[in-house]
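In case you want the letters, here they are:
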Amino acid sequence: KIGGITIEQNAAETALETVSYPLARKLRLYYKDQGRIADAETWDMSQSTWERIREDLLLEKATALYNAALPLTSGTPPPGQPYGIDSGTITDFKTKLDKYGNQIGKPGAARSQRKAEGEDLRPRYAAADADLDDVDDYIEALRDKSDAQRLFVQAYFNARRIGGNDHGHGGEKNKGGGTGTG
C-alpha cells in the first residue's frame, strides 16, 4: 500500500531530522572551536530548518553531515569526543540515514508499479467491454417483448452502468437513439 509506505517514510524522515539537528550543532561547535568559521556556518541550521528539508535534499544534507562528522570519531582520543561526536552517535545516525535513504523512493515506486499494472489491464478491459457491447445489442432486442423481458433489459443496463460502462443504456440515450426506458 502506498499509504503504509508513506507512513514508514515519514517515520524515517522524522527520525533522521531528530538526530541531524543535534549532530549538526555539535559539529558546528567543533568547527567554531577550531577556528573554521565557514565550516561552522554550514551547520548553523535550526531544528525547524531540518524539518522543512524534504526527500533527496534531506538525504543529501544528512549524508554530508555524516561525512563531515565521521572523521571526528577516529584517533586517540577522537577529536569529536569532547563535543559528543563519538562512534555510538555516528552509528545511530548512519542507521537512521540508511533507513531514510531506503524509504524515500518507495512511494513513487509503488505508484509506478500500480500504474504499470493498470496499464496492463486497460487492453483487457477494452476487449471485454467490446464483447459486452455486442451482448448489449442482443439484450436491446428484447426490450419490446414481454414485461418480464423489459424488466430484465432495464436491470441488465442498470448493472452495466453501475459496473462503469457509460454507454447510456438503462434510462439514458442508448445506441439506437431511444431513451432506453422501454
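All values reported here derive from a predicted model rather than from experimental measurement.

## Some details on the pattern of salt bridges
So, step 1. Under the criterion given, the structure shown has 8 salt bridges.
So, step 2. Put simply, Arg36 and Asp39 hold a salt bridge, and the shortest N to O gap is 2.8 Å.
So, step 3. Using a relative accessible area of 37% as the deciding quantity, one classes Arg36 as partly exposed.
So, step 4. Its salt-bridge partner being Lys94, residue Asp98 comes within 2.9 Å of it at the nearest N-O pair. Of this pair, Asp98 and Lys94 both sit in helix H5 (residues 87–103), 4 residues apart, roughly one helical turn.
So, step 5. Residue Lys94 is classed as partly exposed on the basis of its relative accessible area of 29%.
So, step 6. Here the residues in one salt-bridge network are Glu13, Glu17 and Arg54, joined through shared partners.

## Focus: the packing of helix H4 (residues 55–69) against H5
So, step 1. In the contact formed by H4 and H5, the axes pass within 10 Å of each other and the chain directions differ by 155 degrees. The orientation of H4 with respect to H5, classified from their angle, is roughly antiparallel. When the axes of H4 and H5 are compared, the crossing they make is left-handed. Along its contact with H4, which presents Glu55, Leu58, Leu59, Ala62, Thr63, Leu65, Tyr66 and Ala69, the element H5 presents Ile90, Phe93, Lys94, Leu97, Tyr100 and Gly101.
So, step 2. Class assignment for the residues of the contact of H4 with H5 results in 10 nonpolar, 2 polar and 2 charged.

## What about the packing of aromatic side chains?
So, step 1. Here the structure, examined in full by the defined rule, presents 5 aromatic pairs.
So, step 2. With a centroid separation of 5.4 Å and 85 degrees between ring planes, the pair formed by Tyr30 and Tyr83 is classed as edge-to-face. With a gap of 53 residues between them, Tyr30 in helix H1 (residues 2–33) and Tyr83 in the loop between H4 and H5 connect regions that are remote in the sequence. For the pair shown, Tyr30 and Tyr83 are each scored as buried.

## Quick word on the nonpolar core
Grouped burial of nonpolar side chains is what soluble globular proteins tend to show.
So, step 1. Ranked by internal contacts, the top residues of the largest apolar core, which has 27 residues, are Leu16, Leu27, Trp43, Trp50, Leu65, Ile85 and Phe93.
So, step 2. Of all the elements, H1 adds the most residues to this core, at 8 residues.
So, step 3. The contacts of Trp43, once residues within four sequence positions are left out, are Ala24, Arg25, Leu27, Arg28, Tyr31, Trp50, Lys61, Ala64, Leu65 and Ala68.

Parameters and conventions
- Residues numbered from 1 in each chain as written.
- Predicted model: local features only at pLDDT ≥ 70, side-chain atom pairs only at ≥ 80, totals over all residues.
- Heavy atoms only, no water.
- Salt bridge = Lys/Arg side-chain N within 4 Å of Asp/Glu carboxyl O.
- Buried < 20%, exposed > 50% of the residue type's maximum accessible area, 1.4 Å probe, protein only.
- Helix = DSSP H or I, 4+ residues; strand = E, 2+ residues; numbered from the N terminus.
- Axes fitted to C-alpha atoms, helices over the stretch in contact; angles between N-to-C directions.
- Parallel < 35°, antiparallel > 145°, perpendicular 65-115°, else oblique.
- Left-handed = near helix turned anticlockwise from the far one by under 90°.
- Contact = heavy atoms within 4.5 Å.
- Nonpolar A, V, L, I, M, F, W, Y, C, P; charged D, E, K, R; others polar.
- Phe/Tyr/Trp six-rings, centres within 6.5 Å; stacked < 30°, edge-to-face > 60°.
- Core = buried A, V, L, I, M, F, W, Y, C linked by side-chain atoms within 4.5 Å.

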